[in-house]
Amino acid sequence: MAEWTASKKRGALRVQLEPRLDVPPAWFPVAVSLGAVFVALILGGIVIAFSGGNPFATYAYIARASFGDIGVLSDTIVKATPIILTALACSIAFRMKLWNIGAEGQFIMGAWGASAVVLAPLLPPETTRWLFIPAMALAGFGMGGVWGLIPGYLKAKFNVNEIISSLMLNYIAVSWVNYWVFGVWSEGGFQMSPKFPTNASLPRLSDYAETIPFFRGLTTHAGLIFGILAAIALWFIVYRSRWGYEIRLIGDNPRAAKYAGINIVRNTILVMALSGALAGLGGVSEVAGVVRRLQTAPLNAGYGFTGIIVAWLAKLHPLAIILVSILFGALILAGREIQPSGIPKMIQGIILVCLIASDFLLRYRLRFTRGEVE
Amino acid sequence: MCTCFLVYLATSPLEHAVTANTTTDLQQPPLAVEMRGIVKRFPGVLANDHVNFELRAGEIHALLGENGAGKSTLMNILAGLYKQDAGTIKVKGKTLEFSSPRDAIKAGIGMVHQHFMLVPSQTVTENILLGLDEPRFLMRLQEYDKKIADLGDKYGLKVDPRTKIWQLSVGEQQRVELLKMLYRGADVLVMDEPTAVLAPQEIEGLFETLHSMVAQGKSVIFISHKLNEVASIADRVSVLRRGKVTASGVPAKGVSRQELASMMVGREVALAVDKKPKTPGEIILDVKDVHAENDKGLPCLRGLSLHVRAGEIVGIAGVAGNGQVELSQVIAGLRPCKKGQALLNGKKVSNRDTRYGIEHGMSYVPEDRTHVGSSPNLSVTDNVIMKNYRKPPISKGSMLDMSAATKFAQELKEAYDIIVPTVNTPVRLLSGGNLQRVILAREISGHPNFMVAVQPTRGLDVGAIEGVHRLLLTQREADAAVLLISEELEELIALSDRIYVIYEGRMMGEIKVEGAEPDKTLMDAIGLMMTGTPLEQIHMEGAPTHG
Amino acid sequence: MDFVVILQAGVASGTVLLFATLGEILAERSGVLNLGVEGMMLIGAMTAFSVTIATGNPWIGLLTAMLFAGLISQIHAFITVTLQADQVVSGLSLTLVGAGISLVLGEGLSKAGTVSLMPNFSIPLLVQIPVLGDIFFKEQSVLVYVGYLMIPLAWYYINHTRPGLHLRAVGEYPSAADALGINVYRLRYFYVFIGGIFAGLAGATISLAVSPGWFSELTTGGQGWIAIGLVIFAQWDPFRAALGSYAFGALRRLILDIQAPLTLFGVDNPFYYNPYLSFFLQMLPYAFTVIVLVIGSREAIRKRLGAPAALGEPYIRGERGK
């Protein structure tokens, strides 16, 4: 039990941490998380002010640039889509206390897998969308899965720290995609592949503007459906399936899980593969829905790391992840035009710091006591 | 010998606190320690409620009480680990404030904790020098190795100063703990349940050491919950019950064990258990020549064979760390079996998926309730379905029927008196006794034909212990085979039909128990076996039975 | 391709990893896993570079960098030691915060021009040793020499001094240390701080000596993570950490140099004629980190030793240790 003395004068005010012996009401964790985000924004504002910017203007700009009208809201959702999937990827791994921080690389490999279908080409360009898109999704899901399975296997068989191995695979994934983008699939020496045919792209709302005029200019694409379906499926897996029960049990107490006859080695590999596959699906959605060609920079934009924060902020709950992703989509969307360019990343980091710090309020009760004066 | 806690029959509570004579005679030596009005609160518990405690110089003072009575808390306050919420501490007449263990050590108070506070990867000397100011920077150890060896000789505490802690036996480690305190010039030694980890013969050695230390001017506080020890070692006794003093400084010779026992538990304890005679059935568990290694990779089971029949409780006696826990793990499929095998109903269960045992009627109550037996942040429901979530009605294909699971948890909650607001409460919020009820409820609800229970009553209060004993006997009635592993000999003798004694992973012998009254010869024989003498070599006059 | 040159440069670039790894070893020996090395290194590199530009004195830049990285590390100490939160997530957040802050404060630095660097010099006498003298003692940065001194010092400090004894005790069995009056919380704060200082030094070594300048996140390029991997390979031992660090430094250099010559071992150099293949070379340090991790982890399993016993676990007084 930690205690510290705040002031020595007048029967020193002591702050005592007491472990909570009850379940706090449902609104409490939500309030604490919101409070943490609020504190983080204040701290971020201080750094912005320190580096010569105006925090109020910056935040106002972020709000306007991401929720101001239906057009930007649609762009926000576009940015949120890959985050939903990487956050789901992180959430399932984190639930088993597997620290997959390689969602970034799995995302990129997913995008590469989908691109390979188009560019190799595994399917001719005139293939119908109904075959093209599922094939790309499957390829990306598989590649991401492989990229998650490697650290999972090393963890399960050799007890290799998955944090570092999955992170190292991020760098390897970037080099791998660079090789194809710069070399094999380069379009005329540029650092990008040729554009995908329309059949190999996810439909956008604006594609239907002719029938529904309201959709004009809206960029939201079908990848969002991947995200929402994946979130719902994951909710059922975690809370309603036998496998999900095993994952929750291993995550909370692996020794109890072993005692209950659960195969930890197999689940470690499977969960890491599923995690990688979800991130890979995010890559598919991004490459087929937004970029529509293989190109490194827009894919290597930190979606994996944002996914970690979103998963944590959503307390690993699959459905909450959708909402939180939209908030972070806004931050990233607006962040593109904010100077200095590091601000969104810094604010994300500070939000995560505040979130973890705030967690202790859920575990402990603060008690203020005045020490007895003798 | 027989008054030791044993088995309790509910009788009318007899609240007779002994008001001992605390006025000090003029001839009495000055008080080494005086604690007045100590109050310590933990969330939800009042661990010490205005406790007074006095220790005279040169005495061995036993502090008696049940698990959770507040003895360790009181002594942790004296050792500077906790800070009291109210009350004062005087050492040799001076009022002192301890804000850290360092202060307490400076005042000459040294505590030997129940779980040894030794760094396994460091040598004896390094452990003893930990936290001191000298040598200030460079650790050239030769000179200190010598000093420590000399100190050991002075008090009869033999141990090689250059050995690493993990290479020492438990008894040796305890000596290191004592040396650590003596090296710091401690005058007052607080020993927290020092005998719990020792074999009977080692206990005698410890008692000799304590006497020699007292003869050289030290004072000892001896925390225990075992009445027989207290009678044989202590000069005076203080008793705590639920954080309150029920006897303070009573001369150990002047009070009967019966009286001490009732001050400890607040009611009469009796020595009987409602165990009906029963003819055991077929062999359910058959362990044949099992060899296994412990977590450090050293052999811990060396050719162990035993069997358990339907409708009998078979006890495993042994000093902690002689392979009992590993044996249970081999049977449950949680630890590889290097040689030999364990059979359940004639089918191999060792080196087999843990799931096989679970699905074939084996239930297992592990010694570690919080780290093995339950999942602290999951709900009661999630915890009770741990063994049967693969079977209908809770399993529905690859999905779980959560309403069936909740219903099941609800039923167990009623049937086993689990005190919890709802079945959705995470089990980390449950008390030890309630948690054990959750585990037992889960293990028994599957109608096992074989059950291993490891230390099922450790750390529970009397009422809870009684409940656990009743549940184990019910299993026997229901014709299940029960393997009971316990370090409490009295418990084993009271419940078991047969007892195997193991030492360093080897079988020392088997003893049939007839009647719950343990006699001296039997206890002595078991004690000898627990320290490595096989039954054949024990010459027992009128030995009750042998295997 | 001159192997002496590669090794010479490798030692210099390995010094970065060496500092980061030593710092992390000290923090982990106290029981605190700090995954924020990459972030603290970025802070160090950025601070060293910008302060040196502002003051013209690389020594001031170096010291400020160490201090700033040390201060940033205290966020992690507060969250994990005082608030007892998960060390993994906290370390990750420290990486993000460190990277974010260094990007924000380092805005525009990449075009700020050149700075005066840490001095380079040869060690008399030692430089005359054949081959080894050229590799280790010829025209190296002063920081490289500091690195040489740090290795035995760190080893001796951990194993043969009073504070080292306390450090090991706190990481192995904090409640035992606490019971003897060693302040577990204070020591853990202290060694996290030391780890931060070392990470800052590592970052400064990049921007003031090995590859001068500020290239945003590419400045470190994952070396903070490699350092954490090396700690496991090193089994928390400074000498093995040095071995791993210099080997990785040499590998980095080899990757650069191998692309230059027209022929390699008498055949056409594929990396020269097909530059895209160099992307595979760039994977090597990361792939090797994974391999090195497998080696370290298998060894730990075989010898049944490894991480400090209390690594990653918050210490709460009154809870029984294991």
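The shown structure was predicted, so the numbers you read here are calculated from the model rather than taken from an experiment.

## Digging into the overall build of chain B
Line of reasoning, step 1. Helices and strands together make up the secondary structure of chain B, namely 17 helices and 22 strands.
Line of reasoning, step 2. Counting only residues that meet the buried cut, chain B has 49% of its 547 residues in that class.
Line of reasoning, step 3. Contacts in chain B between residues at least 24 apart in sequence constitute 70% of all its contacts with a sequence separation of at least 6.

## Observations concerning the overall build of chain A
Line of reasoning, step 1. The number of helices and strands found in chain A is 14 helices and three strands.
Line of reasoning, step 2. A globule of 374 residues ought to have a C-alpha radius of gyration of about 21 Å, and chain A, at 23 Å, matches this closely.
Line of reasoning, step 3. Its C-alpha atoms give chain A principal-axis dimensions of roughly 90 × 55 × 40 Å.
Line of reasoning, step 4. Considering only contacts in chain A between residues 6 or more positions apart, those separated by 24 or more positions represent 76%.

## Overview of the interface of chain A and chain C
Many structure descriptions define interface size as the accessible area lost when the parts assemble.
Line of reasoning, step 1. Tallying the contact residues gives 41 residues for chain A and 44 residues for chain C.
Line of reasoning, step 2. Here the side of chain A that touches chain C is built from residues that sort into 28 nonpolar, eleven polar and two charged.

## Here's the deal with the interface of chain C and chain B
Line of reasoning, step 1. Of the residues lining the interface, 21 residues belong to chain C; the matching set on chain B comes to 25 residues.
Line of reasoning, step 2. Contributing elements (two or more residues each) for the side of chain C that touches chain B: helix 7 (162-172) and helix 8 (174-179) of chain C.
Line of reasoning, step 3. With six residues, helix 7 of chain C is the largest single contributor of residues to the side of chain C that touches chain B.
Line of reasoning, step 4. Of the residues belonging to the side of chain C that touches chain B, the class tally is eight nonpolar, six polar and seven charged.

## Some thoughts on the domain arrangement of chain B
All names here are of chain B.
Line of reasoning, step 1. Each assigned domain of chain B is listed with its residue range as follows: domain 1 (31-265) and domain 2 (283-361 + 447-537).
Line of reasoning, step 2. Taking only C-alpha atoms, the centre of domain 1 and the centre of domain 2 are 32 Å apart.
Line of reasoning, step 3. With ten residues of domain 1 in contact, the opposing surface of domain 2 contributes ten residues.
Line of reasoning, step 4. Among the residues forming the side of domain 1 that touches domain 2, the class breakdown is six nonpolar, three polar and one charged.

## Points about the packing of helix 6 (residues 162-184) of chain A against helix 10 (residues 223-233) of chain C
Line of reasoning, step 1. Look at helix 6 of chain A against helix 10 of chain C: their axes get within 10 Å of each other, and the N-to-C directions meet at 145°. Relative to helix 10 of chain C, helix 6 of chain A is oriented so that their crossing is left-handed. The segment helix 6 of chain A lies against helix 10 of chain C, with Ile164(A), Leu167(A) and Met168(A) engaging Trp225(C), Ile228(C) and Gly229(C).

## Considering the nonpolar core
Side chains of nonpolar character tend, in soluble globular proteins, to be buried together.
Line of reasoning, step 1. Leu88(A), Met136(A), Ile321(A), Leu78(B), Ile109(B) and Val190(B) are the most contacted members of the largest nonpolar core, which totals 396 residues.
Line of reasoning, step 2. Residue contributions to this core peak at 16 residues, all from helix 9 (residues 184-210) of chain C.
Line of reasoning, step 3. Of the domains in this structure, domain 1 (31-265) and domain 2 (283-361 + 447-537) of chain B are the two that each give at least three residues to this core.

## Things to note about the pairing of strand 16 (residues 362-365) of chain B
Successive residues of a regular strand alternate their side chains across the two faces of the sheet.
Residue and element names in this part refer to chain B.
Line of reasoning, step 1. The two faces of strand 16 match: Met 362 and Tyr 364 on one face and Ser 363 and Val 365 on the other face are all buried.
Line of reasoning, step 2. One ladder, built from four bridges, connects strand 16 with strand 19 (residues 450-454); its direction is parallel. Of the residues in strand 19, the one forming a bridge with Tyr 364 is Val 452.

## Some points on the packing of helix 4 (residues 103-119) of chain A against helix 6 of chain A
All names here are of chain A.
Line of reasoning, step 1. Axis separation between helix 4 and helix 6 bottoms out at 7 Å; the angle between their running directions is 25°. Taken together, the axis directions place helix 4 and helix 6 in an arrangement best described as roughly parallel. With respect to the hand of their crossing, helix 4 and helix 6 are arranged in left-handed fashion. Contacts between helix 4 and helix 6 pair Glu 104, Gly 105, Ile 108, Met 109 and Trp 112 from the former with Leu 169, Asn 170, Ile 172, Ala 173, Val 174, Trp 176, Val 177 and Trp 180 from the latter.
Line of reasoning, step 2. Residues of the contact of helix 4 with helix 6, tallied by class, amount to ten nonpolar, two polar and one charged.

## A closer look at the confidence of the model for chain A
Line of reasoning, step 1. Looking at chain A as a whole, the pLDDT averages 88, with 93% of positions reaching at least 70.
Line of reasoning, step 2. When the criterion is pLDDT under 50, residues 1-10 of chain A qualifies, and its contacts beyond four places in sequence or with other chains add up to 15 contacts.

## Quick look at the sheet that holds strand 15 (residues 347-348) of chain B
Line of reasoning, step 1. Ordered in space as 12-11-14-15 (chain B), the four strands form an open sheet in which the pairing is antiparallel. If you trace the sheet from one side to the other, it starts and ends with strand 12 (299-309) and strand 15 of chain B, each paired once.

## Overview of the environment of Ala227(C)
Line of reasoning, step 1. The topology assignment puts Ala227(C) in helix 10.
Line of reasoning, step 2. Those residues in contact with Ala227(C), other than ones at most four positions away along the chain, are Leu17(C), Ala20(C), Thr21(C), Glu24(C) and Val37(C).

## Focus: the sheet that holds strand 1 (residues 31-42) of chain B
All names here are of chain B.
Line of reasoning, step 1. A sheet is described by the order of its strands in space; here four strands give the open sequence 2-1-4-5, paired in antiparallel fashion. Each edge of the open sheet is held by one strand with a lone partner, namely strand 2 (45-56) and strand 5 (94-96). The mean angle between the axes of side-by-side strands here comes to 25°, regardless of whether they run parallel or antiparallel.
Line of reasoning, step 2. Relative to strand 4 (residues 86-91), strand 1 runs antiparallel, the two being bridged by five bridges. Among the inter-strand pairings, Glu 34 is bridged to a residue of strand 4, identified as Lys 90.
Line of reasoning, step 3. Together, strand 1, strand 2 and strand 4 form the strand contacts of helix 1 (residues 71-78), whose direction differs from that of strand 1 by roughly 115°.

## Remarks on the pairing of strand 1 of chain B
Line of reasoning, step 1. Direction of pairing for strand 1 of chain B relative to strand 2 of chain B: antiparallel, over a ladder of eight bridges. Within strand 2 of chain B, the position partnered with Val33(B) by the bridge is Leu55(B).

## With respect to unusual backbone geometry
Keep in mind that most residues, glycine aside, have a negative phi and that most peptide bonds are trans.
Line of reasoning, step 1. Along the chain, Ala120(A) connects to Pro121(A) via a cis peptide bond; the corresponding omega equals -15°.
Line of reasoning, step 2. The linkage connecting Pro392(B) with the following residue, Pro393(B), adopts the cis geometry, with an omega of 5°.
Line of reasoning, step 3. Structurally, Pro393(B) is set in the loop between helix 12 (380-384) and strand 17 (395-396).
Line of reasoning, step 4. Even without being a glycine, Leu316(A) presents a positive backbone phi close to 65°.

## Thoughts on the environment of Ala247(B)
Residue and element names in this part refer to chain B.
Line of reasoning, step 1. Inspection of the secondary structure assignment puts Ala 247 in strand 10 (residues 244-251).
Line of reasoning, step 2. Accessibility expressed as a C-beta count within 10 Å gives 22 for Ala 247, which makes it buried.
Line of reasoning, step 3. Along the sequence, Ala 247 and Glu 208 sit 39 residues apart, while their C-alpha atoms lie 26 Å from each other.

## A closer look at helix 9 (residues 324-332) of chain B
Residue and element names in this part refer to chain B.
Line of reasoning, step 1. Here helix 9 lies mainly inside the structure; nine of its nine residues are buried.
Line of reasoning, step 2. Within helix 9, the full set of buried residues consists of Gln 324, Val 325, Glu 326, Leu 327, Ser 328, Gln 329, Val 330, Ile 331 and Ala 332.
Line of reasoning, step 3. One or two positions beyond helix 9, positive phi appears at Gly 333, with a value near 80°.

Here is what the cut-offs are and how they apply
Sequence order as written defines residue numbering, which begins from 1 separately in each chain. Chain letters and ligand numbers both follow the written order, the letters beginning at A and the numbers at 1. Predicted model: local features are reported for residues with pLDDT of at least 70 only, side-chain atom pairs are reported and counted for 80 or more only, and whole-chain, interface and lining totals are derived from all residues. To qualify as a helix, a DSSP run of H or I must reach at least 4 residues; to qualify as a strand, a run of E must reach at least 2; elements of each kind are numbered from the N terminus. Exposed residues have 12 or fewer other C-beta atoms within 10 Å of their own C-beta, buried residues have 20 or more, and partly exposed residues fall in between, where C-beta atoms are placed from the backbone. For the purpose of contact definition, each residue receives a C-beta atom placed from its backbone, and two residues are in contact when these atoms lie within 7 Å. In this treatment the radius of gyration is a C-alpha quantity, and the globule benchmark scales as 2.2 Å times the residue count to the 0.38 power. The classification used treats Ala, Val, Leu, Ile, Met, Phe, Trp, Tyr, Cys and Pro as nonpolar, Asp, Glu, Lys and Arg as charged, and all other residues, Gly among them, as polar. Domain limits in this description derive from either an automatic procedure or a database domain assignment. Angles here are taken between N-to-C directions and fall from 0 to 180 degrees, while the axes themselves are lines fitted to C-alpha atoms, restricted in helices to the stretch in contact. In this scheme the handedness of a crossing depends on how the near helix is turned from the far one: anticlockwise by less than a right angle means left-handed, clockwise means right-handed. A set of buried residues qualifies as a nonpolar core if it consists of Ala, Val, Leu, Ile, Met, Phe, Trp, Tyr and Cys joined through C-beta atoms within 7 Å. Being paired, for any two strands, means DSSP has found at least two bridges between them. If an angle is under 35 degrees, it is roughly parallel; if it is over 145, roughly antiparallel; if it lies from 65 to 115, roughly perpendicular; otherwise it is oblique. The predictor rates its confidence in each residue with pLDDT, a number between 0 and 100.

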